[in-house]
Amino acid sequence: MENQVLTPHVYWAQRHRELYLRVELSDVQNPAISITENVLHFKAQGHGAKGDNVYEFHLEFLDLVKPEEEERLNKLRLESQGSPETLVSLRKGYLFMYNLVQFLGFSWIFVNMTVRFFILGKESFYDTFHTVADMMYFCQMLAVVETINAAIGVIKSPVLPCLIQLLGRNFILFIIFGTMEEMQNKAVVFFVFYLWSTVEIFRYPFYMLCCLDMDWKVLTWLRYTVWIPIYPLGCLAEAVSVIQSIPIFNETGRFSFTLPYPVKIKVRFSFFLQIYLIMLFLGLYINFRHLYKQRRRRYGQKKKKTH
């Protein structure tokens, strides 16, 4: 007895010289689509009205199909391998894992610093860098992915605020703290790292829940509120670290250089640090305005209902 041929639901639409066909199958595997003269042949394994089976159909057109149209059909078949639902699921899974890793990293930093402070008191300020710097390096290098996501449209965030935060933090971490051992034992490191991690332990779990289409009101409020005092304090702590590093850079001459002949003027790196201080507060204004707009959209005054 021959196996029964299962035909999927096929939807037809036509506009001017364009023809649209939609085959109602999900989880399609190994689709075989071809055209011989004026007949379209379709066969694929997928989930349809009769469950998971092989479905096929033949559609006869009124005229011969031109070779270039057959080429377009082949391209369409290659482009439609992944369904929109699958791509959305992959995107959410990727973002969830990224936010989870960042949350775990910053949580480790926050908890470690908090516990050490309660045990050692002020003494914990002076060895913060040597205790948590490796994890902070990891989290801040991984943060590059966040800016790339915004640039290519994976997340719906403006690129500029992401880029400002990335460059600002990495400048403090890698240049001010990372290259100057004299800065690594200062108390300001504790406050910079603690303020950074305080913001992130609320921001990243909020994004994780967004990937799951969940909304925890307490966490949402914290995500849109904690930054109000923390961001200015973080900016102030970063500014203090830059100011404290200026005499050290002047004394060591690190990153300073002399302009070539005939100018022969020595340019100290502290000159660029002074310019950076201005840019630091300009960046704070840009990010503060961006976050304020986000909060206003979330908790702005609701429109009165019209009766």
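Since we're looking at a predicted model, the values are computed, not measured. Along each chain, the written sequence defines residue order, and numbers are assigned to residues from 1. Only residues with pLDDT of at least 70 get local features here, since the model is predicted, and only at 80 or more are side-chain atom pairs given and counted; chain-wide, interface and lining totals rely on the full set of residues. Hydrogens are left out, water is left out, and the side-chain values use all remaining heavy atoms of the structure.

J.: Any chance you could break down the packing of aromatic side chains for me, citing the residues and the numbers?
T.: Each Phe, Tyr or Trp ring, with Trp reduced to its six-membered ring, pairs with another whose centre is within 6.5 Å; inter-plane angles below 30 degrees give stacked pairs, above 60 give edge-to-face pairs, and intermediate values give tilted ones. One pass over the full model with this rule turns up 27 aromatic pairs. Between Phe 206 and Tyr 207 the ring centres are 5.6 Å apart and the planes differ by 55°, which places this aromatic pair in the tilted class. Buried, partly exposed and exposed residues are distinguished by accessible area as a fraction of the type maximum, computed with a 1.4 Å probe on protein chains only: under 20%, between the cut-offs, and over 50%, respectively. Overall, the relative accessible area of 6% leaves Phe 206 in the buried class. Exposure remark for Tyr 207: the relative accessible area of 22% places this residue in the partly exposed category. In this structure an aromatic cluster arises from ring pairing among Phe 110, Phe 117, Phe 118, Phe 125, Tyr 126, Phe 190, Phe 191 and Tyr 194. Here, over-ring charges are defined by two tests on the NZ atom of lysine or the CZ atom of arginine: distance to the ring centre within 6 Å, and angle to the ring normal within 35 degrees. Above the plane of the ring of Tyr 11 lies Arg 22, whose end atom (NZ or CZ) is 4.3 Å from the centre. Geometry around Tyr 224 places Arg 223 over its ring, the cationic atom sitting 4.9 Å from the centre.

J.: Help me get a handle on helix H4 (residues 144-152), residues and values and all.
T.: Since there are 3.6 residues in each turn of an α-helix, residues three or four apart along the chain are aligned in direction. Taken residue by residue, H4 has Glu 146, Thr 147, Asn 149 and Ala 150 as its buried positions. End-on view of H4: buried residues confined to an arc of 155°, all on one side of the axis. Opposite the packed face of H4, turned more than 90 degrees from it, sit the exposed residues Ala 151 and Ile 152. Just downstream of H4 lies Gly 153, where phi reads positive at about 90°. Secondary structure elements follow DSSP: runs of H or I no shorter than four residues count as helices, runs of E no shorter than two count as strands, and numbering proceeds from the N terminus. The arc in question is formed by the directions pointing from the helix axis toward the C-beta atoms.

J.: Hey, could you go over the nonpolar core for me, with residue numbers and the actual values?
T.: Ile 172, Ile 176, Phe 177, Val 192, Phe 193 and Leu 273 are the most contacted members of the largest nonpolar core, which has 49 residues in total. Elements with a contribution of two residues or more to this core: helix H2 (84-120), helix H3 (128-142), helix H5 (159-177), helix H7 (188-211), helix H9 (227-252) and helix H10 (269-299). What makes two residues a contact is simply this: any of their non-hydrogen atoms within 4.5 Å. Leave out the neighbours within four places in its chain, and Leu 273 touches Phe 171, Ile 176, Val 242, Ser 245, Ile 246 and Phe 249. By nonpolar core is meant a set of buried Ala, Val, Leu, Ile, Met, Phe, Trp, Tyr and Cys residues that side-chain atoms within 4.5 Å join together. Of all hydrophobic cores here, the second largest spans 9 residues; its members include Leu 40, Tyr 55, Phe 57 and Phe 61.

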